[in-house]
Each structure stands twice: as structure tokens, then as C-alpha cells.
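Take a look at the letters that make up each chain.
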Amino acid sequence: MIVRLFGLVALAWCLGFAAFMLLLPPPLEGNTTDAIVVPTGGAGRIDRGIALLQRRQARRMLVTGVAPGVRPIDLAQTYRTPPSLFACCIDLGADAVDTRSNAEETAAWVQTHGYRTVRLVTSDWHVPRARMELAAAMGPGVRVLGDGVPSTPRLGTLVNEYNKLVLRRVALWLGVGV
């Protein structure tokens, strides 16, 4: 009986992992939102957020998880973007250190501005968990759209991310750590 239970759990994990890998979200095209949020930590994320902002796909952008001491002018120079875009339309959040605190920082920013739709720009493999955390932190009044930045993660990164997704989803269902 216990062997069958473990076998069933292993099979469910393998099928879920296969679905996770096959359904990595692509870049989201053609949707305008009130805001864009970009958690730091992956190549192409900030570039994509800036490009979307310049195409007027949102009014404002939050880069969450920025290292303390990083100034808007530093990012403007790094990303070859006019400082005026940072001055008018890009906020930097330096309080977050992980996906969960990115969600909390973003939820406070969204509430301050009264936004109702948010485009989450992050690595394709990170979208499911980051979107889940963000939706949980903000509640039902805000719509979160996932915008996956294509990447080529290692298998270990995907396994680790899938395990985090499953464990956090179970924790949210059980009301643990909410």
C-alpha cells in the first residue's frame, strides 16, 4: 500500500513536472496593463520591461528586488535608456530579497497607485510561481498577466523551481505562511 502511494506521488510529480516544462509561458503580446512589474535576477527581464514601457503597454513600471544603493541613473546608463523615462515612469524597489518579498513589495506599490492590471515580466520558468505569489499577495481585485522572458535554464534550475512551486502552492492551500 505504501509503495503504491509513493509510486502514485512520484508519477504525479513527473507528470506535473513535464507539464510545467512544456507550458512555460511565452512573451505576452498585445496586452496593455496599468503597470509592469519586473523582479530582478534574470537576463532580459528589465530590457523587456523597458521595451514594453516605451511601447506604451503600461503607464508605469516597478523593478523590485533592486540592490540597495542602486540609483535610477545607474540603471538608465546600464540599459541605455533616457534618464527621463526612469524619472517619470520607473520606480525601484529595494526591500525585496526573494520571490515572496517581491510579491509583497509589488502589492504595496500596486495598492499605492490603485492599479487593477499588472504585467509580470520575469523568466519563463519563474512566471508560474511569481504570478501565484503576486496574486496571493494582492488578492482578487487585481489581474496579473504573466509575461515570460525566454531563457535556457539548466534542468536543475527547472526541478528546483518546480519543487518550490508545488511546495508553495500546497502552503497557500493550507494557509501556511500566508
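Located above this text is the structure these notes cover.
Report on the accompanying structure. Just so you know, these numbers come straight off a predicted model, no measurement behind them.

Describing the state of the cysteines
Scanning the model with the defined rule gives 1 disulfide in all. Between C88 and C89 runs a disulfide, and the two sulfur atoms are separated by 2.1 Å. Taking the sign of the S-S torsion, about -90 degrees here, the bridge from C88 to C89 comes out left-handed. The partly exposed category is assigned to C88, whose relative accessible area is 40%. Using a relative accessible area of 14% as the deciding quantity, one classes C89 as buried.

Overview of the packing of helix α5 (residues 99–113) against helix α6 (residues 127–138)
Between α5 and α6, whose axes approach to 8 Å, the crossing angle comes to 45 degrees. Relative to α6, the element α5 lies oblique. Note that α5 runs across α6; the crossing there is right-handed. When α5 is examined against α6, the residues T99, R100, A103, E104, T106, A107 and V110 are found in contact with a partner set consisting of R129, A130, E133, L134, A137 and M138.

Here we look at the packing of α6 against helix α7 (residues 155–174)
Two elements in contact, α6 and α7, have axes separated by 9 Å at closest approach and are oriented at 25 degrees. Here α6 is positioned roughly parallel relative to α7, judged by the angle of their axes. Every pair of crossing elements has a handedness; the one defined by α6 and α7 is left-handed. Contacts between α6 and α7 involve P128, R129, M132, E133 and A136 on the former and, on the latter, E161, K164, L165, R168, R169 and L172. Considered class by class, the residues forming the contact of α6 with α7 number 5 nonpolar, no polar and 6 charged.

Concerning the pairing of strand β4 (residues 117–123)
Of all 7 residues in β4, 7 are buried, a share of seventy percent or more. Sheet topology note: the β4/strand β5 (residues 143–149) ladder contains 7 bridges and is parallel. Looking at β5, one finds that V118 is bridged to V144.

Concerning a nonpolar patch on the surface
On the surface, a nonpolar cluster with roughly 530 Å² of combined accessible area is contributed by V166, V170, W173, L174 and V176. With respect to the helices and strands, the residue V170 is situated in helix α7.

What counts and what doesn't
Residues numbered from 1 in each chain as written. Predicted model: local features only at pLDDT ≥ 70, side-chain atom pairs only at ≥ 80, totals over all residues. Heavy atoms only, no water. Disulfide = S-S within 2.5 Å. Buried < 20%, exposed > 50% of the residue type's maximum accessible area, 1.4 Å probe, protein only. Axes fitted to C-alpha atoms, helices over the stretch in contact; angles between N-to-C directions. Helix = DSSP H or I, 4+ residues; strand = E, 2+ residues; numbered from the N terminus. Parallel < 35°, antiparallel > 145°, perpendicular 65-115°, else oblique. Left-handed = near helix turned anticlockwise from the far one by under 90°. Contact = heavy atoms within 4.5 Å. Nonpolar A, V, L, I, M, F, W, Y, C, P; charged D, E, K, R; others polar. Pairing = 2+ DSSP bridges. Patch = residues over 30% accessible without salt bridge, like charges linked within 9 Å, V, L, I, M, F, W, Y side chains within 5 Å. Areas by Shrake-Rupley, 256 points an atom, 1.4 Å probe, with all protein chains shown as cover. Salt bridge = Lys/Arg side-chain N within 4 Å of Asp/Glu carboxyl O.

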